[in-house]
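Summary of structural features
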Amino acid sequence: MSRHGVPPTPDNFSVWFYYVMGGSLTLKKTVDILIANKRKFDAAINRDLYLTYVNPHSSTSGDFPEQLHGVIASAQEFLATAISDNREQMENLGEVKSECQAAVDPRPIIEKLVKELSTATTRSSALEANFLQTTKDLDQIKDSLKEAEQHSNTDALTGLANRRSLDAFLRAEQITAMEAGTPLSILLIDIDHFKQFNDGFGHQVGDQVIRLVAKVVQENVRECDLAARYGGEELMAILPGAALDTCFEVAERIRRRICEARLTRRTTGEEISSVTVSIGVAQFRMAESADGMIDRCDRALYQAKRAGRNRTIKEAEEEIAA
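Residues numbered from 1 in each chain as written. Predicted model: local features only at pLDDT ≥ 70, side-chain atom pairs only at ≥ 80, totals over all residues. Heavy atoms only, no water.

**What about the overall build of the chain?**
- The secondary structure content of the chain amounts to eleven helices and seven strands.
- Sorting the 322 residues of the chain into buried and exposed places 37% on the buried side.
- Counting only carbon and sulfur atoms, one obtains 53% of the accessible surface of the chain, whose full area is about 18,700 Å². (Helix = DSSP H or I, 4+ residues; strand = E, 2+ residues; numbered from the N terminus. Buried < 20%, exposed > 50% of the residue type's maximum accessible area, 1.4 Å probe, protein only. Areas by Shrake-Rupley, 256 points an atom, 1.4 Å probe, with all protein chains shown as cover.)

Here's what the structure looks like:
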């Protein structure tokens, strides 16, 4: 930490302790890449490392721990009973063995042995049934957790990835871009005059506009890309392996198709004025933070707004105009 100028705060110490102990392969890769590229560990990077790898926000529903605790408690109770019964049965079989050595008439011993074997069979069947039920309960919890995780990564209105999922995807693709030396670009979309849709037609129409834009974005990116709702009426697409010019072409295709779409008010069939969007485009720079790239993309988007809306501006154009 001293060598790389990292302040010895509790949070920073937690990150580097986790790094040295090998607690996260992703954290190790991220820090190693930052070091290799002589990236300064400033306050923003230190905070991002801590929040991402040491103290991430939990998304698991609070009901699941209770359900899991109940299943485990039930299994433990049944196992304890089975162990106790098995111990008792072994003692009984030991008595049979002693009687077998001392007795002359084998019939009572055989009857007792048959009884013990019958009891063992019954217990074994009950144990098997209990474990089958426990497995079924655990499978249901696993399915519920998977569904909850999917919901926690998806925006309810648009069906696109939400901000949480976007952040995780972007971090992973930044690491890939740095390791492989491949480009990575993003485009940020803002719906023009969105407030007018809400004020003039109501929030339901506003939601309809957002869903329309989301649908066009999703249909015009690749499977390896990620389309997400960034917040409010802003959407983002992350394009791994795409350089700035390629991302610009994708953004322009999205912008044109949104402009060509016709939106009809569901309740009345009334055609609503065409929807337009402004888009900013930026490309990842080696070892920069996600916030840095998004900030440049946002500035390009703002320039598109100032230039008259319904257009796409690349970060280079934004910097020249500034």
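**Let's talk about the nonpolar core**
- Judged by nonpolar contacts, the single largest core of 35 residues is most densely connected at Phe-41, Leu-49, Leu-170, Ile-186, Met-236 and Ile-238.
- Mapped by element, the contributors of at least two residues to this core are helix H1 (10–21), helix H2 (25–36), helix H3 (43–54), helix H6 (163–180), strand S1 (184–191), strand S2 (226–231), strand S3 (234–240) and helix H10 (290–306).
- Among all residues touching Met-236, those that are not within four sequence positions of it are Leu-166, Ile-186, Leu-187, Leu-188, Leu-226, Ala-227, Ala-228, Tyr-230 and Ile-294.
- The next biggest cluster of nonpolar side chains, apart from the first, holds 33 residues, and it includes Leu-160, Val-205, Leu-235 and Cys-247. (Core = buried A, V, L, I, M, F, W, Y, C linked by side-chain atoms within 4.5 Å. Contact = heavy atoms within 4.5 Å.)

**Looking at the side chain of Ser-185**
- When you line up the elements, Ser-185 lands in strand S1.
- You can call Ser-185 buried: its relative accessible area is 0%.
- A distance of 3.5 Å separates the side chain of Ser-185 from the backbone oxygen of Ala-243, its partner in a polar contact. (Polar contact = N/O pair within 3.5 Å; in protein donor to acceptor, adjacent residues only side chain to side chain.)

**Comments concerning the layout of surface pockets**
- Of the volumes computed, that of the largest pocket is approximately 850 Å³.
- In terms of lining residues, the largest pocket is bounded by 28 residues, among which Asp-48, Thr-52, Asp-167, Ala-168 and Arg-171 are the most central.
- Mapped by element, the contributors of at least two residues to the lining of the largest pocket are H2, H3, H6 and H10.
- Ranked by residue count, the leading element in the lining of the largest pocket is H6, at ten residues.
- Broken down by class, the residue content of the lining of the largest pocket amounts to 13 nonpolar, seven polar and eight charged. (1 Å grid on protein atoms, 1.4 Å probe; cavity = no way out; pocket = protein on both sides within 12 Å on 5 of 7 lines; lining within 4 Å. Points joined across faces, edges and corners; volume = space filled by probe spheres on them. Nonpolar A, V, L, I, M, F, W, Y, C, P; charged D, E, K, R; others polar.)

**Some thoughts on H3**
- Its twelve residues give H3 an end-to-end C-alpha distance of 16 Å, which sits within 8% of 16 Å, the value for a rise of 1.5 Å per residue.
- Along H3, the residues that are buried comprise Ile-45, Asn-46, Leu-49, Tyr-50, Thr-52 and Tyr-53.
- Summarising the contacts, the buried residues of H3 are in contact with H1, H2 and H6.
- Among the residues of H3, the N-terminal cap falls to Asp-42, whose side-chain oxygen and the backbone nitrogen of Ile-45 are separated by 2.9 Å. (Expected span 1.5 Å × (residues − 1).)

**Points about the side chain of Asn-46**
- Summarising the element assignment, Asn-46 is placed in helix H3.
- There is a polar contact of 3.1 Å between the side chain of Asn-46 and the backbone oxygen of Phe-41.
- Look past the residues within four positions of Asn-46 in its chain and what remains in contact with it is Val-6, Pro-7, Asn-12 and Phe-41.

**A word on unusual backbone geometry**
- With a phi close to 50°, His-193 is a non-glycine residue in the positive phi region.
- Tracing the chain through its elements places His-193 in the loop between S1 and helix H7 (194–201).

**A closer look at the packing of aromatic side chains**
- As enumerated under the stated definition, the model contains three aromatic pairs in all.
- On the numbers, 6.2 Å between centres and 20° between planes, the contact of Phe-13 with Phe-17 is stacked. One end of the pair, Phe-13, and the other, Phe-17, are both in helix H1, four residues apart, so they sit about a helical turn from each other.
- In this structure Phe-17 comes out as partly exposed when scored by relative accessible area, which is 46%.
- Ring geometry for Trp-16 against Phe-41: centres 5.3 Å apart, planes inclined by 65°, an arrangement best described as edge-to-face. Residue Trp-16 is located in helix H1, and its partner Phe-41 is located in the loop between H2 and H3; the two are separated by 25 residues in the primary sequence. (Phe/Tyr/Trp six-rings, centres within 6.5 Å; stacked < 30°, edge-to-face > 60°.)

**Examining the pattern of salt bridges**
- Taken as a whole and judged by the stated rule, the model has 15 salt bridges.
- The salt bridge involving Arg-255 is made with Glu-252; its shortest N-O contact spans 2.7 Å. Highlighted residues: Arg-255 and Glu-252, both in helix H9 (residues 244–260), separated by three residues, approximately one helical turn. Considered together, Arg-255 and Glu-252 belong to a single accessibility category, that of buried residues.
- In this structure, Asp-295 and Arg-299 form a salt bridge, with 2.5 Å as the shortest nitrogen-oxygen distance. Linking Asp-295 with Arg-299, this pair stays in helix H10, spanning four residues, or about one helical turn.
- Given the relative accessible area of 33%, Arg-299 is considered partly exposed. (Salt bridge = Lys/Arg side-chain N within 4 Å of Asp/Glu carboxyl O.)

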